[in-house]
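One letter stands for each residue in the lines below.
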Amino acid sequence: MTNNQLTESGRLRHFLTIEGLKRPLLTEIMDRAEQFSSISHQQVKKVPLLRGKTIVNLFFENSTRTRTTFELAAKRLSADVMNLNISTSATSKGESLLDTLHNLESMHSDMFVVRHNQSGAAEFIAQHVAPHVSVINAGDGCHAHPTQAMLDMFTIRRHKHHFPDLRVAIVGDILHSRVARSQIQALAILGVGEIRVIGPKTLLPTDCQSLGVHVYHDMEEGLHDVDVVIMLRLQHERMQGALLPSAREYFKRYGLTEEKLRCAKPDAIVMHPGPINRGVEIASTVADGPQSVILEQVTHGIAIRMAVMSMTLGAQSEQEAQA
Ligand code: CP
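Not measured: the values here are computed from a predicted model.

Draft legend 1. Examining the side chain of D173 more closely. Mapping D173 onto the fold places it in the loop between β5 (167–171) and α6 (178–189). For D173, a relative accessible area of 0% translates into the label buried. Looking at D173, its side chain comes within polar contact range of the side chain of H176, at 2.9 Å.

Draft legend 2. Structural context of the sheet that holds strand β9 (residues 269–271). One open sheet accounts for five strands, arranged β7-β6-β5-β8-β9; its pairing is parallel. Of all strands in the sheet, those with a lone pairing partner are β7 (214–216) and β9, marking the two edges. Adjacent strand axes in the sheet meet at a mean angle of 20°, parallel and antiparallel pairs treated alike. Strand direction decides the pairing type here: β5 and strand β6 (residues 194–198), joined by five bridges, are parallel. Looking at the pairing, I170 lines up with V197 of β6. The strands that helix α5 (residues 146–160) touches are β8 (228–231) and β9; relative to β9, the one it contacts most, it runs at about 170°.

Draft legend 3. Seen up close, the packing of aromatic side chains. Counting across every chain of the model gives one aromatic pair. Between Y250 and Y254, the aromatic rings sit 5.6 Å apart at their centres with planes inclined by 35°, giving tilted as the arrangement. With Y250 and Y254 both in helix α8 (residues 247–254) and four residues apart, the pair spans about one turn of that helix. Y250 sits in the buried class, given a relative accessible area of 2%. Sitting above the plane of the F251 ring, K260 keeps its charged end 5.9 Å from the centroid.

Draft legend 4. Fine view of the environment of R32. Along the chain, R32 falls in helix α1 (residues 23–37). On the basis of relative accessible area, R32 is assigned to the partly exposed category, the value being 25%. In the structure, R32 is positioned 145 residues away from S177 in sequence and 27 Å away in space, judged by C-alpha atoms. Setting aside residues no more than four positions away along its own chain, R32 makes contact with A307, S310 and M311. Only 3.0 Å separates the side chain of R32 from the side chain of S310, close enough to count as a polar contact.

Draft legend 5. Looking closely at the domain arrangement of the protein chain. Domains assigned within the protein chain are domain 1 (23–145 + 299–322) and domain 2 (146–292). A separation of 27 Å is found between the C-alpha centroids of domain 1 and domain 2. Counting residues at the interface gives 28 residues for domain 1 and 26 residues for domain 2. Between domain 1 and domain 2 the total buried area reaches about 2300 Å² when both faces are included, carbon and sulfur atoms providing 60% of it. Summed over the three residues of domain 1 that lose the most area to domain 2, namely M30, H145 and H300, the buried surface amounts to 31% of that side. The tally of links from domain 1 across to domain 2 stands at four salt bridges. With its nearest N and O atoms 2.7 Å apart, the salt bridge here joins E34 to R158. For the interface between domain 1 and domain 2, the tally reads 15 residue pairs in polar contact (both at pLDDT 80 or more). Those elements that place two or more of their residues in the side of domain 1 that touches domain 2 are α1, α2 (65–76), β3 (111–116), β4 (134–140) and α11 (294–322).

Draft legend 6. Quick look at the site of the ligand. Close contacts around the ligand come from S63, T64, R65, T66, R115, H145, Q148, P273 and G274, and that covers them all. Contacts to the ligand include Q148, whose side-chain N or O atom sits 3.1 Å from a nitrogen atom. Residue P273 places a main-chain N or O atom 2.8 Å away from a nitrogen atom belonging to the ligand. Here the ligand loses 92% of its free accessible area of 260 Å² to cover by the protein chains. The residues that make up the shell around the ligand include at least three from each of domain 1 (23–145 + 299–322) and domain 2 (146–292).

Draft legend 7. Region of interest: the sheet that holds strand β2 (residues 80–84). Taken in spatial order, the four strands of this open sheet run β2-β1-β3-β4, and their pairing is parallel. Strands at the two margins of the open sheet, each flanked by one partner only, are β2 and β4. Neighbour to neighbour, the strand axes of the sheet diverge by 15° on average, direction disregarded. By the bridge criterion, five bridges tie β3 to β4 in an arrangement that is parallel. Paired with H116 across the two strands is D140, which belongs to β4.

What counts, and at which threshold
- Along each chain, numbering runs from 1 in the same order as the chain's sequence is written.
- Confidence filtering applies because this is a predicted model: local features only for residues at pLDDT of at least 70, side-chain atom pairs given and counted only at 80 or more, and all residues used for totals across whole chains, interfaces and linings.
- Here the side-chain values reflect all heavy atoms present in the structure, with hydrogen atoms and water set aside.
- A helix here means a DSSP run of H or I that spans at least four residues, while a strand means a run of E at least two residues long, and both kinds are numbered starting from the N terminus.
- Burial classes: relative accessible area under 20% of the type maximum marks a residue as buried, over 50% as exposed, and values in between as partly exposed (1.4 Å probe, protein chains only).
- Side-chain atoms alone can form a polar contact between residues adjacent in sequence; in general such a contact is a pair of N or O atoms within 3.5 Å, and within protein one must be able to donate a hydrogen while the other accepts it.
- DSSP-based pairing: two strands are paired if at least 2 bridges between them are found.
- Axis angles are defined between N-to-C directions and span 0 to 180 degrees, where every axis is a line fitted to C-alpha atoms and, for a helix, only to the segment in contact.
- In what follows, a contact means two residues having at least one pair of non-hydrogen atoms within 4.5 Å.
- Here a pair means two rings of Phe, Tyr or Trp (six-membered ring of Trp) with centres within 6.5 Å. Their orientation is stacked below 30 degrees between planes, edge-to-face above 60, and tilted elsewhere.
- A ring is considered to have a charge above it if a Lys NZ or an Arg CZ atom is located within 6 Å of its centre and within 35 degrees of its normal.
- Those domain boundaries reflect an automatic or database domain assignment.
- Note on terms: buried area is the combined drop in 1.4 Å-probe accessible area of two parts once they are placed together, counting the loss on both.
- Any Lys or Arg side-chain nitrogen located within 4 Å of an Asp or Glu carboxyl oxygen qualifies as a salt bridge.
- Any residue with at least one heavy atom within 4 Å of a molecule or strand is counted as near it.
- For the area figures, the Shrake-Rupley method with a 1.4 Å probe applies, and any residue is considered shielded solely by the protein chains shown.

Set out below in structure tokens:
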């Protein structure tokens, strides 16, 4: 295995991070998702691609969109799905993560979809699973959320087509955002013309410029002429200490209103990974407005997750056939 998530032939064995992946692989994920998108419009929303496979959703942290779209994606590929409810599992009786994992593995599971509040948790699990098991990172601490980044890239491609021509702004709490980190990596790999981050100094990583982004603290200036605006939630659960004056003050400076959105190109799209906090980082008139593609992002999550699951389990089968 190279890069911890690729097979020797460069196929996805796990999907843990966008970092280190190449443009053709990201394009393949989006192309495959494009093919899967139509399944959701069929009368019978199913294909038999993963029939007989068992996928376990292991969510140690809350989720609405990611968990449900992973479950729907697995079911549309005809896999059997188990959702382990961590709060009622034996984890609450002191069972270790690895013991939980090995018990689930002994039920002949083929894939773990993992969300955890600790950065590196998905990679740790991937290092300890049996060779036939794939691990997909559904968000780990402040580190990475690769399927979210891919569904965001897919949404941008649907609306804007050619990445190198684009100017993309990510606004808000970049410091604590696994989504922003994965998005910046994906946008750079896909060759986006200009990536901007906008936010107060306290919510931007100190090494921001090394990520290859342009930094703005003034929102109107940062939004000038952009094609895509990605808003982020304030991630209070990961903040240590007071980093902001007040939600009201934050909205005044960094909340996306119709007036601030007018600084972007007239056909700019507005994105948000969710959950959104109306009146904190985005006004309802914008979240529900004509430029918003926020609910489309959720829809695209199903096709992207179908693509990633079918690619990782496909690579596993290839390896098994060669062994
Ligand atoms: N975007 C996202 O990860 O949302 P959930 O926390 O609801 O899964």
